[in-house]
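Next come the chains, spelled out residue by residue.
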Amino acid sequence: MKQFQKTSELQSYLHSTGKSIGFVPTMGALHEGHLALMEASKKACELSVCSIFVNPTQFNDPSDFDKYPVTLEADLEKLRNAGCDAVFYPSVSEMYPNGTADLKSYNLGFPETILEGKYRPGHFQGVCVVVDLLLQAVQPTKLFMGEKDYQQIAVVQKMLELTNSSVELVKCPTVRSAEGLALSSRNARLSEEQKIQALAIYKGFNLSSEFAFKQSLLENGFESIDYVACVDPTTLLEKPYGEKPCLILVAAFIGGVRLIDNKTFS
C-alpha cells in the first residue's frame, strides 16, 4: 500500500498507473463501514484510494473538532489488510495552503437549509470544499460514500453537478453492529452502556410517531434531540410521519456525542 502526504506525489503515482480509480474519503477512526466502502471500490475499480483527513472547515463546533478521534496507525493497518492501494493523509496546510478563510462557496439549495444544514450551519459548505479539493487531488472514476450520511450524499451530488464533475457517486448501504447500531467513528467516544442505550435509535424507526420516537430516545438516556423527521427520500421534502415511501432521519446527543441515522421505508 502506497502512502502519500503530498498532493503532487499522489498525483504522480496515480497518473502513472492509467487505471480506473475508486475513492473513499474519510476522517479516519476507521470501522467496518469504511472498509465496506473500500470493498465496494475494489470490486468496481482497478485501483482503490482512501483519504484520511479530519477537515476543520466542516465542524461548526470547534470542541467537536478537538474531540474527534485520531487513530492513524490503526487506520493504516486496517487499510493495508483491506487491500487499499494508496492512502492520502495530508496536513491541514497541504489541503489549505492559503488558509481556511475566503474559501469557495457552493449554491447547494434546499438540502443545505434543513436538518443537518439547519443544525450545523456551514457544515455542508465545508464538506463540499474538502470533497472538491480531494477529488481534484485524486481524480477518481468513482466516489464511494455511505448512506448513513444521507443528506451529505445529496449535497455532494449537487456539488458534483455544480462543478461539472464526471465522477460517479456510488451510494453504499449503512453498516450496522449485530444489534443495529449504525457504525460511526463517533461511537468510539461512547461507553459500552451508552452504546446499548444508543440502540434506541434503531429501535425507534419502528415506532408509529415522531413523538413516540423522541420519547423513547429521552427515556433511554439521550440528553437532547436535534430532530426526528420524515421526508420524501428523493426530494427531502417533509411529509406525514410514516407515509410511504419515506425516509426517517434522526440526530440526537448521548454522552455528549451527536449521533445521526436514517432508515428508508418503501
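Residues numbered from 1 in each chain as written. Predicted model: local features only at pLDDT ≥ 70, side-chain atom pairs only at ≥ 80, totals over all residues. Heavy atoms only, no water.

The name given to the protein in an unreviewed UniProt entry is Pantothenate synthetase, with the source organism recorded as Aquirufa antheringensis. Of the protein, the UniProt comment under Catalytic activity (unreviewed entry) reads exactly: "(R)-pantoate + beta-alanine + ATP = (R)-pantothenate + AMP + diphosphate + H(+)". (UniProt positions renumbered as here; feature names shortened; annotations may be inferred.)

Our next topic: helix α2 (residues 32-44). If you check α2, its first and last C-alpha atoms are 18 Å apart, about what 13 residues at 1.5 Å a residue would give, namely 18 Å. Listing the buried residues of α2 in full gives G33, H34, L35, L37, M38 and S41. Contacts from the buried residues of α2 go to β2 (21-26), β3 (47-52), α4 (72-81), β5 (142-146) and β6 (168-172). (Helix = DSSP H or I, 4+ residues; strand = E, 2+ residues; numbered from the N terminus. Expected span 1.5 Å × (residues − 1). Buried < 20%, exposed > 50% of the residue type's maximum accessible area, 1.4 Å probe, protein only. Contact = heavy atoms within 4.5 Å.)

Let us look at unusual backbone geometry. Omega for the bond connecting K244 with P245 falls within 30 degrees of zero, at -5 degrees, which places this linkage in the cis form. Looking at the element boundaries, P245 is found in the loop between β7 (224-231) and β8 (246-254). Residue Q139 is not a glycine yet carries a positive backbone phi of 50 degrees. Relative to the elements of secondary structure, Q139 occurs in the loop between α7 (123-138) and β5.

Next up on the list: the side chain of S41. Inspection of the secondary structure puts S41 in helix α2. Judged by its relative accessible area of 0%, S41 falls in the buried class. With sequence-adjacent residues up to four places away left out, S41 is seen in contact with G22, F23, V24, L47, S48 and F144.

Time to look at α7. Between the first and last C-alpha of α7 there are 22 Å, a value that for 16 residues agrees with the 22 Å anticipated at 1.5 Å per step. Following α7 by one or two positions, Q139 adopts a phi angle in the positive range, close to 50 degrees.

Turning next to the nonpolar core. Inside soluble globular proteins, nonpolar side chains tend to come together where they are buried. Core analysis: the largest hydrophobic core is formed by 34 residues, its most contacted members being L14, V131, L135, L143, V156 and M159. If you tally residues by element for this core, the top one is α7, at 10 residues. Discounting chain neighbours no more than four positions away, the residues touching V131 are L143, V156 and M159. Ranked by size, the runner-up nonpolar core spans 20 residues in total, among them L199, F205, C230 and V250. (Core = buried A, V, L, I, M, F, W, Y, C linked by side-chain atoms within 4.5 Å.)

Let us now look at the packing of helix α1 (residues 7-17) against α7. The geometry of α1 relative to α7 is characterised by a closest axis approach of 8 Å and an angle of 45 degrees between their N-to-C directions. One way to sum up the angle between α1 and α7 is to call them oblique. Residues T7, L10, Q11 and L14 of α1 touch α7, and the partners they reach there are Q136, A137 and V138. Considering only residue class, the contact of α1 with α7 consists of four nonpolar, three polar and no charged. (Axes fitted to C-alpha atoms, helices over the stretch in contact; angles between N-to-C directions. Parallel < 35°, antiparallel > 145°, perpendicular 65-115°, else oblique. Nonpolar A, V, L, I, M, F, W, Y, C, P; charged D, E, K, R; others polar.)

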